[in-house]
Amino acid sequence: MSRHLPPLNTLWVFLTASRLLSFTKAADELFITRSAVSRQIKNLEEHFGFKLFERHKVGLELTEQGVVYANSISNIFADLRVATDTLHHGSEKLKLKLGISATFNSTWLMSRLRKLEEYYPDLTLSFYTNSLDTGKDSVDFSGEHMNAAIRLGTGDWPGCHSEKLLDVYVQPVCAPSLLDAQHDFDDVSSLANYNWLHYDHLSKLWEQWLSKSNQPGLLTDKKNITFDNVAVATQAAVDGLGIIPMYRPLADNLLKEGKLVVAHNHMMLKPETYYFVCPEHFENNPTIKVFRDWLVAESQESQQLWNQAHL
């Protein structure tokens, strides 16, 4: 492994690819060819002597080393941007650009934004949706896309300030019409009678849930069907195609509306939790502080009410 620093341009290409999890999309954003992106990443991996990405048929996934490196150098680029902005604009306040998963935004945050608008009508908030909620998502504050984020993880993002928001539980759910009258909600083996739906980016979610049950090796007697899109997978469950493990409380709106029902009573607490994350040097920015304090208070109230109702 070389001890020389990689070229700055190569690091920028890596950060872009790590954020988009696609060499093609990174090439489009950087106005270079896909082969140029691939070559830069290959050179960087040869420089370190280990992989930064796992290549899959449907896309890319950061390795553990890739996540750590992306998070670390993201803050270096963020420092450069802050220094440059300061020279250009003095002490001008940041507008809050929030990185967030579409699922978290649509199922939990969006319904509460009206309350935020009432409390802080002058607060400008825009969204950048990119995370898939894998628990291993990196944060990239190096560009113009976001200066704060909501991420699922353990709270350990190098160079970042993080505050816990919501616990996450995994529970199998399905359309009400799928279950027959004799379905046993406490018998794990009964789930084998149905198709199992999977998310491509969370390929081990069924396995993780089963590992905390009394039948960790259970397999479905029907079909395993995999989707590369969360919204499509959710709609397939609503349409009665099979049973799918979902994050709670994010699935609660669909449960309240009666579009989905619990297929088994066991809920598995994930080791990862939703966090508010921002660069350390943005922690006391007035705009970020207003939003963070409101979000943490809202999350704590929501978590307490949810625990009382379900635990």
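Residues numbered from 1 in each chain as written. Predicted model: local features only at pLDDT ≥ 70, side-chain atom pairs only at ≥ 80, totals over all residues. Heavy atoms only, no water.

**Q** Can you walk me through the packing of aromatic side chains in this structure?
**A** How two aromatic rings sit relative to each other is set out by the distance from centre to centre and by the angle between their planes. Applying the stated rule across the entire model yields 14 aromatic pairs. Here Phe14 and Tyr69 contribute two aromatic rings whose centre-to-centre distance is 5.8 Å and whose plane-to-plane angle is 35°, an arrangement assigned as tilted. Here Tyr69 lies in helix α4 (residues 64–89) and Phe14 lies in helix α1 (residues 8–20), a separation of 55 residues in the sequence. The burial state of Phe14 is the same as that of Tyr69; both residues are buried. Here Phe48 and Tyr69 contribute two aromatic rings whose centre-to-centre distance is 4.9 Å and whose plane-to-plane angle is 75°, an arrangement assigned as edge-to-face. One end of the pair, Phe48, is in helix α3 (residues 34–48); the other, Tyr69, is in helix α4, and 21 residues separate them in sequence. A relative accessible area of 14% places Phe48 in the buried class. (Phe/Tyr/Trp six-rings, centres within 6.5 Å; stacked < 30°, edge-to-face > 60°. Helix = DSSP H or I, 4+ residues; strand = E, 2+ residues; numbered from the N terminus. Buried < 20%, exposed > 50% of the residue type's maximum accessible area, 1.4 Å probe, protein only.)

**Q** Looking at this structure, I do not really get the sheet that holds strand β5 (residues 148–153). What am I missing?
**A** One key point about sheets: their strands pair by backbone hydrogen bonds, in either a parallel or an antiparallel sense. Spatial ordering of the open sheet is given by β4-β3-β5-β13-β6, a layout of five strands whose pairing is mixed. The open sheet terminates on both sides in strands that have one partner only, identified here as β4 (125–129) and β6 (160–166). Between one strand axis and the next, the sheet turns by 30° as a mean value, whatever way the strands run. Bridge analysis of strand β3 (residues 96–100) against β5 gives two bridges, and the strand direction is parallel. Pairing of Leu98 across the sheet is with Ala148, part of β5. Its contacts with the sheet place helix α10 (residues 286–310) against β3, β4, β5, β6 and β13 (273–279), and it is angled at close to 30° to β6. (Pairing = 2+ DSSP bridges. Axes fitted to C-alpha atoms, helices over the stretch in contact; angles between N-to-C directions. Contact = heavy atoms within 4.5 Å.)

**Q** Can you walk me through unusual backbone geometry in this structure?
**A** Note: most peptide bonds trans; most residues except glycine with negative phi. Cis geometry marks the peptide bond from Arg248 to Pro249, where omega comes out at 20°. Its place among the elements puts Pro249 in the loop between β10 (244–248) and α9 (252–256). Phi angles above zero are rare outside glycine, and Leu21 is one such case at about 50°. With respect to the secondary-structure elements, Leu21 resides in the loop between α1 and α2 (23–30). Positive phi, normally seen in glycine, also occurs at Phe31, with a value near 60°. Relative to the helices and strands, Phe31 is located in the loop between α2 and α3.

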